[in-house]
Amino acid sequence: MKYRIAYQLFDSAHAFFESAVTLAKERGKQESKSAALHLGIAIEVLAKARLASEDLQLLVRGARPLDEAALLRGDFHSIGMEEAFVELDRRRLHRPTPRQSKVLGSLRDLRNRLVHFVASAPQEEVQAIVLSAANLFLELHSTLFAGWEPPYGVRNIVEVSADLADIEAFVAERIEALRERIETSARPRTHYFDECSRCLQDATTIEGEEFVCLFCSERRTIESFTRMISEDKSVSQCTECRRMSVAMQKVDPEQPTHECVCCGHCEGPEPRWAEFRGPSIPRLHNRPDRPPTETGATRTTV
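Q: Mind showing me how you'd approach the sheet that holds strand S5 (residues 244-252) here?
A: Within a sheet, neighbouring strands are paired by backbone hydrogen bonds and run either parallel or antiparallel to one another. One open sheet holds the 4 strands; their spatial order is S4-S5-S6-S7, and the pairing between them is antiparallel. With one partner strand each, in any of the chains shown, strand S4 (236-237) and strand S7 (266-267) form the two edges of the open sheet. The pairing of S4 with S5 spans 2 bridges and is classified as antiparallel. For Ser236, the partnering residue across the bridge sits in S5 and is Val246.

Written out as structure tokens, the structure reads:
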């Protein structure tokens, strides 16, 4: 029963988050306030979904045993958002970072003001907290629910988060929150992922056999992407990084090029890259294509 209830809560959190994103994109005063309230509910319910997957009794105050019938009737005294995060920490499921704690506090204070004193928050402050809270929801979703399938009939979290990519302030907030992970993750050294195909952000990393965008959570296997761009649809193993990531390109009609899309190892004429209507740029990024723990040293362009 606990997993069924947990998934229903997960479904509810998704629905409130999607509603909040739709409202936030309107950017009106009332819509921003409603978005803040919906985000507060989404984050609280998301935390409760994770607790429910451990023990349904964690959702309620008091020692009264919780049965499914009472739960579905709403006949229980629920814990609040702060209590949910205390319990997540106590069970070593998640401890909010200082930045996350600050966002939670700001969201709590804003929700109190909006509920009890309708016109007490300036629009700019509300919008800023909404964008920070939206980023927090995505962080918690990634941390607490890795591997969970999206609820049936609810848009994938990748699609919803990509909707926010046209809000400049949200992009800045999320990229800053992700900066350390982006800088310390294994990343493609080639330019194929300078823009994620979904959110258009430069945040693609290499996780095992997949390319993963940290901004919007878009995933695709290294082999399938390589096959897609390979001109003869062939894929071979890179002799340098050992991934199935070598695509065939016809840079020179006389001689094929075989290039690894991950580490950039190239055999044959080298492809050339340039900014749109701009000068040529180096073929490879000066960054590691695998974490130091994997090789004992980072791999960078020389």
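Q: What is the right way to read the side chain of Gln100 from this model?
A: Within the secondary structure layout, Gln100 lies in helix H5 (residues 98-116). On the accessibility criterion, Gln100 (5% relative accessible area) is buried. Here His94 takes part through its side chain, which lies 3.1 Å from a polar atom of the side chain of Gln100. Once residues within four sequence positions are removed from consideration, Gln100 is found in contact with His94, Arg95, Leu136 and Glu139.

Q: Sorry if this is basic, but what is going on with the side chain of Ser185 here?
A: Counting through the fold element by element, Ser185 comes out in the loop between helix H8 (168-184) and strand S1 (204-207). At 2.5 Å, the side chain of Ser185 forms a polar contact with the backbone oxygen of Arg181. Here Ser185 is in contact with Thr205, Leu214 and Pro288, once residues within four sequence places are set aside.

Q: Mind showing me how you'd approach the packing of helix H2 (residues 29-52) against H5 here?
A: The angle between the axes and the distance between the axes are what describe a pair of packed helices. The N-to-C vectors of H2 and H5 enclose an angle of 125°; their axes lie 10 Å apart at closest approach. The angle between H2 and H5 places the two elements in the oblique class. For the element pair H2 and H5, the recorded crossing hand is left-handed. Along its contact with H2, which presents Lys33, Ala36, Leu37, Leu39, Gly40, Ile41, Ile43 and Glu44, the element H5 presents Leu104, Leu107, Leu110, Arg111, Leu114 and Val115. Its residues assigned to classes, the contact of H2 with H5 comprises 10 nonpolar, 1 polar and 3 charged.

Q: Sorry if this is basic, but what is going on with the pattern of salt bridges here?
A: Side chains carrying opposite charge are able to pair once their charged atoms draw close together. Evaluation of the coordinates by the stated rule reveals 20 salt bridges. Among the salt bridges present, the one from Glu44 reaches Lys48, with a minimum N-O distance of 2.7 Å. Taken together, the positions of Glu44 and Lys48, both in helix H2 and 4 residues apart, correspond to about one turn of that helix. Residue Glu44 is classed as buried on the basis of its relative accessible area, which comes to 15%. Overall, Lys48 belongs to the buried group, its relative accessible area being 10%. Of the charged contacts, one joins Asp75 and Arg73 as a salt bridge, the two residues approaching to 3.3 Å between their closest N and O atoms. The exposure class of Arg73 is exposed, given its relative accessible area of 59%. Beyond isolated ion pairs, a larger network of salt bridges with shared partners links Glu44, Lys48 and Arg111.

Q: Just to check I follow, could you spell out the pairing of strand S2 (residues 210-213) for this structure?
A: Regular strands place their side chains on alternate faces of the sheet. Where S1 meets S2, 4 bridges bridge the pair, whose relative direction is antiparallel. By the bridge assignment for S2, Glu207 is matched with Glu210. Both S2 and strand S3 (residues 219-221) contribute to a ladder of 3 bridges, which runs antiparallel. From the neighbouring strand, Phe211 faces S3, where its bridge partner is Arg220. Hairpin remark: S2 followed by S3, antiparallel, with 5 residues in the connecting loop; positive phi at Ser217, about 75°.

Q: Just to check I follow, could you spell out the sheet that holds S3 for this structure?
A: Taken together, 3 strands build an open sheet; the order of strands is S1-S2-S3 and the sheet is antiparallel. Two strands lie at the open edges of the sheet, namely S1 and S3, each paired on one side alone. Strand after strand, the sheet turns through a mean of 25° between neighbouring axes, direction not considered. Taken strand by strand, helix H9 (residues 222-229) contacts S1, S2 and S3, and its axis lies near 75° from that of S3.

Calculation criteria
Residues numbered from 1 in each chain as written. Predicted model: local features only at pLDDT ≥ 70, side-chain atom pairs only at ≥ 80, totals over all residues. Heavy atoms only, no water. Pairing = 2+ DSSP bridges. Helix = DSSP H or I, 4+ residues; strand = E, 2+ residues; numbered from the N terminus. Buried < 20%, exposed > 50% of the residue type's maximum accessible area, 1.4 Å probe, protein only. Polar contact = N/O pair within 3.5 Å; in protein donor to acceptor, adjacent residues only side chain to side chain. Contact = heavy atoms within 4.5 Å. Axes fitted to C-alpha atoms, helices over the stretch in contact; angles between N-to-C directions. Parallel < 35°, antiparallel > 145°, perpendicular 65-115°, else oblique. Left-handed = near helix turned anticlockwise from the far one by under 90°. Nonpolar A, V, L, I, M, F, W, Y, C, P; charged D, E, K, R; others polar. Salt bridge = Lys/Arg side-chain N within 4 Å of Asp/Glu carboxyl O.

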